[in-house]
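# Notes for the structure review
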Amino acid sequence: MSRIVAGAAGGIPLKSVPGDSTRPTTDRVKEALFSRLESYDVLANARVLDLYAGAGSLGLEAASRGARSVLLVELAPKAVSVCQINAGLVNKALRNELVSVRRGSVDSVLDSFAPVTGGSAGRTWDVVFMDPPYPLTEEELAKTLEKVALVLEVGATVVVERSSRSAEPTWPDGLEKFADKKYGETRLWFAEPVQLGAE
């Protein structure tokens, strides 16, 4: 059973999505990931976006460790209902409605945050988790990363979780890999926004 590893809601067990359509991040990988994020000092007061959320464990862990707000994005109805249950558990433990859930495709949700040409800026994020399903092609992932690059705060961190056998994601203009780490069957890629035209 998955659980919140540490922070204000540490130890709370999380409900899992039934079936094998989602691939939960193991506690070992989650612990290593969040230890690294805390060393980067990017979690405290962060606005966090958890794409392809599954049961929501990455976003919920971020809420437990000091994020200001967390949005879990998931399309599959079973996973959405599990996200809602888990968000309720963590919000109750934190005595604050920090975590919300949005049902929809990742691309359509990202489109809704993008800045409107000639209009106001869109919604921006400090930390983005992406644990896409394995059937998602590298081309599809690259297109989604292009959308992610448009909604990042300066100094943001993007974490992409893939099979260790998958190729490195194709990073769009405006997003640059700065680290990666393999944990058994899983590889984490870390990227940050770069200012285009900067020397």
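My aim in this report is to walk through the structure given alongside it, one point at a time. (Residues numbered from 1 in each chain as written. Predicted model: local features only at pLDDT ≥ 70, side-chain atom pairs only at ≥ 80, totals over all residues. Heavy atoms only, no water.)

### Examining the pairing of strand β1 (residues 47-51)
Where burial is concerned, most of β1 is hidden: four out of the five residues are buried. With four bridges connecting them, β1 and strand β2 (residues 69-74) associate as parallel partners. Among the inter-strand pairings, R47 is bridged to a residue of β2, identified as S69. Regarding the hand of the β-α-β motif, the stretch spanning β1, helix α2 (residues 57-64) and β2 is right-handed. Across four bridges, β1 lies against strand β4 (residues 125-130) in parallel orientation. By the bridge assignment, V48 is partnered in β4 with V127. (Buried < 20%, exposed > 50% of the residue type's maximum accessible area, 1.4 Å probe, protein only. Helix = DSSP H or I, 4+ residues; strand = E, 2+ residues; numbered from the N terminus. Pairing = 2+ DSSP bridges. Right-handed = clockwise from strand over helix to strand, strands pointing away.)

### Observations regarding the pairing of β2
Counted residue by residue, β2 has six buried out of six residues, so it is predominantly covered. Here β2 shows a buried face lined by S69, L71 and V73 and a second buried face lined by V70, L72 and E74. Here five bridges tie β2 to strand β3 (residues 99-103), and the two strands are oriented parallel to one another. Bridge pairing links L72 to V101 in β3.

### Overview of the packing of helix α4 (residues 106-113) against helix α5 (residues 138-149)
Remark: α4 packs on α5, axes separated minimally by 9 Å, with the N-to-C direction vectors making an angle of 25°. The angle between α4 and α5 falls in the class roughly parallel. Where α4 crosses over α5, the two elements pack in a sense that is left-handed. Residues V106, D107, L110 and D111 of α4 touch α5, and the partners they reach there are T144, K147 and V148. Within the contact of α4 with α5, the residues separate by chemical class into three nonpolar, one polar and three charged. (Axes fitted to C-alpha atoms, helices over the stretch in contact; angles between N-to-C directions. Parallel < 35°, antiparallel > 145°, perpendicular 65-115°, else oblique. Left-handed = near helix turned anticlockwise from the far one by under 90°. Contact = heavy atoms within 4.5 Å. Nonpolar A, V, L, I, M, F, W, Y, C, P; charged D, E, K, R; others polar.)

### Notes on the sheet that holds β1
Overall, mixed pairing links the seven strands, which are arranged β3-β2-β1-β4-β5-β7-β6 in an open sheet. The sheet is open, and its two edges are formed by β3 and β6 (175-183), each paired on a single side. Ignoring strand direction, the axes of neighbouring strands in this sheet form an average angle of 15°. Contacts between α2 and the sheet are confined to β1, β2, β3, β4 and β5 (152-163), with β2 contributing the most and set at about 175° to the helix.

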